[in-house]
Amino acid sequence: MISPFTEEQQRFLRLLELPVPGRPAAGEGASSQPALPQAAAAVPSPRQESAPAVSAPPPTPRKPAPPPMVPDAPVRDAAAQGQREIVIAGLAWADLAAMVSVCQACPLGATRQHAVFGAGNPQGRWLFVGEAPGAEEDRRGEAFVGRAGQLLDAMLKAMGLERGRDVYIANVLKCRPPNNRDPLGPEVQECLPYLHRQIALLRPQIIVALGRFATQGLLQVDTPLSKLRGTVQHYGDIPVVITYHPAYLLRNPIDKRRVWEDLKKARQVFQEAGGALPEAR
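Per chain, residues are indexed from 1 in the order of the written sequence. Local features in a predicted model are, by the rule used here, given only for residues with pLDDT of at least 70; side-chain atom pairs are given and counted only at 80 or more, and totals for whole chains, interfaces and linings are based on all residues. Excluded from the side-chain calculations are hydrogens and water; all other atoms, namely the structure's heavy atoms, are used.

1. Side note on the packing of helix α4 (residues 78-89) against helix α8 (residues 185-202)
Then comes step 1: Where α4 meets α8, the closest approach of the two axes is 9 Å, and the angle between their N-to-C directions is 25°. Considered as vectors, α4 and α8 are oriented roughly parallel to each other. α4 and α8 meet at a crossing whose hand is right-handed. Between α4, through Gln81, Arg84, Glu85, Ile88 and Ala89, and α8, the contact on the second element is made entirely by Gln189, Glu190, Pro193, Tyr194 and Arg197.
Then comes step 2: Gly is placed with the polar residues, together with every amino acid not listed as nonpolar (Ala, Val, Leu, Ile, Met, Phe, Trp, Tyr, Cys and Pro) or charged (Asp, Glu, Lys and Arg). By residue class, the composition of the contact of α4 with α8 is four nonpolar, two polar and four charged. Here the axes come from fitting lines to C-alpha atoms, over the contacting stretch only for helices, and the angles between their N-to-C directions go from 0 to 180 degrees. A run of H or I in DSSP counts as a helix once it spans at least four residues, and a run of E counts as a strand once it spans at least two, with each numbered from the N terminus. Any angle between 65 and 115 degrees counts as roughly perpendicular, while under 35 counts as roughly parallel, over 145 as roughly antiparallel, and the rest as oblique. Note: crossing handedness is left-handed where the near helix turns anticlockwise from the far helix by less than a right angle, and right-handed where it turns clockwise. What makes two residues a contact is simply this: any of their non-hydrogen atoms within 4.5 Å.

In structure tokens:
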């Protein structure tokens, strides 16, 4: 007969000197306990007299349910994440673009149409950084090609710049968040190593950060955009000029004058660093 008790429960019963249901008693078959002398066996122990009969095994304590998984949390531990960043930091430009195109490091990889690596001239001295692709960028796989991209091109033209000649454009996130929602912290942290490697390979002379998420992601700060706009920050030894995102200007055209002041500051910083610029238009 198979015992209804687990091995741990059986050991507990034997420790109390209680019979284990399903196991033969002494003298009826093999036993893991030595047989008691007959005289001693005839005298019940005090614990045997007072112990209640056991009719059913005690309930097995239930383990607490594990906490629910957070969809946006990285699944790698710190060591694996560090190894991933080391790999990314050693990639050449084409290999980096290939890795981005198949990336599934966060849930956005399952909802995008295309990963958006960037657009423009990788040899350009200017780098403009936005926050994430929009619907048109997701459809075409190219950065800043929607209405915000058209406005950015007009801003560049006013500065005397062209994206295919002087400028490279990238985003903090390489995949579009559903419904153009704000990027989430874990998504930004998964994508930042790609942007860091892009900057290391591009070696721009100046960076223009477009909007709050680009600024805070680049500088790794939580300072409000209102306090950073109009200042010159640094990414390593590269000056960073901060302004509003073109998508913001589409909703708030009254702030175009402020953006133009920021872009003039960027031209000044670039020239002070030894860069040559055509005349602004």
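2. With respect to the side chain of Asp255
Then comes step 1: Mapping Asp255 onto the fold places it in the loop between α11 (246-251) and α12 (256-272).
Then comes step 2: Here a polar contact is taken to be a pair of N or O atoms separated by no more than 3.5 Å, where protein atoms must pair a possible hydrogen donor with a possible acceptor and residues adjacent in sequence count only if both atoms sit in side chains. Here the side chain of Asp255 touches Tyr248 through a polar contact of 2.5 Å, side chain to side chain.

3. Here's the deal with the confidence of the model for the protein
Predicted coordinates in regions of low pLDDT should not be interpreted in detail.
Then comes step 1: Of all residues in the protein, 72% have pLDDT values of 70 or greater, and the mean over the chain is 81.
Then comes step 2: In the predicted structure, residues 26-54 sits below a pLDDT of 50 and forms 15 contacts with residues beyond four places in sequence or in another chain.
Then comes step 3: Here residues 63-74 scores under 50 on pLDDT; set against residues more than four positions off or in separate chains, the count is nine contacts. pLDDT measures how confident the predictor is about each residue, on a scale from 0 to 100.

4. As for the pattern of salt bridges
Then comes step 1: Whenever a carboxyl oxygen of Asp or Glu lies within 4 Å of a side-chain nitrogen of Lys or Arg, that contact is scored as a salt bridge. Per the stated rule, a full pass over the model turns up 11 salt bridges.
Then comes step 2: Between Glu187 and Arg181 there is a salt bridge, with its nearest N and O atoms 2.6 Å apart.
Then comes step 3: Glu187 gets classed as buried once you look at its relative accessible area, which sits at 0%.
Then comes step 4: Arg212 is the partner of Asp182 in a salt bridge, and the nearest nitrogen-oxygen pair spans 3.9 Å. Of this pair, Asp182 sits in the loop between β3 (167-171) and α8 while Arg212 sits in helix α9 (residues 212-219), and the two are 30 residues apart along the sequence.
Then comes step 5: On the basis of relative accessibility, which here comes to 43%, the residue Asp182 falls in the partly exposed class.
Then comes step 6: A residue is classified by how much of its surface remains accessible, and Arg212, at 37% relative accessible area, is partly exposed.
Then comes step 7: A cluster of three or more residues bridged by salt bridges with shared partners is formed by Glu136, Arg139 and Arg140. Whether a residue is buried, partly exposed or exposed follows from its accessible area with a 1.4 Å probe, protein chains only, as a fraction of its type maximum: under 20%, in between, or over 50%, in that order.

5. What about the sheet that holds strand β1 (residues 119-120)?
Then comes step 1: At least two bridges found by DSSP between two strands are what make those strands a pair. Read from one edge to the other, the open sheet built from six strands follows the order β1-β3-β2-β4-β6-β5, with strand pairing classed as mixed. Each edge of the sheet is formed by a strand with only one pairing partner; in this case those strands are β1 and β5 (232-235).
Then comes step 2: As judged from the four bridges shared by β5 and strand β6 (residues 238-243), these two strands associate in the antiparallel manner. Residue pairing across strands places Tyr235 opposite Ile238, the latter belonging to β6.

6. What about the pairing of β6?
Then comes step 1: With respect to burial, β6 is a largely interior element, six of its six residues being buried.
Then comes step 2: What you see with β6 is no split at all: Ile238, Val240 and Ile242 on one side and Pro239, Val241 and Thr243 on the other are buried throughout.
Then comes step 3: As paired strands, strand β4 (residues 206-210) and β6 are joined by four bridges and run parallel to one another. If you follow Ile207 over to β6, its bridge partner there is Val240.
Then comes step 4: What sits between β5 and β6 in their antiparallel hairpin is a turn of two residues, with Gly236 showing a positive phi close to 65°.

7. Description of the environment of Pro224
Then comes step 1: Note that Pro224 resides in the loop between α9 and α10 (225-228).
Then comes step 2: As a C-alpha pair, Pro224 and Phe213 span 11 residues in sequence and 9.9 Å in three-dimensional space.

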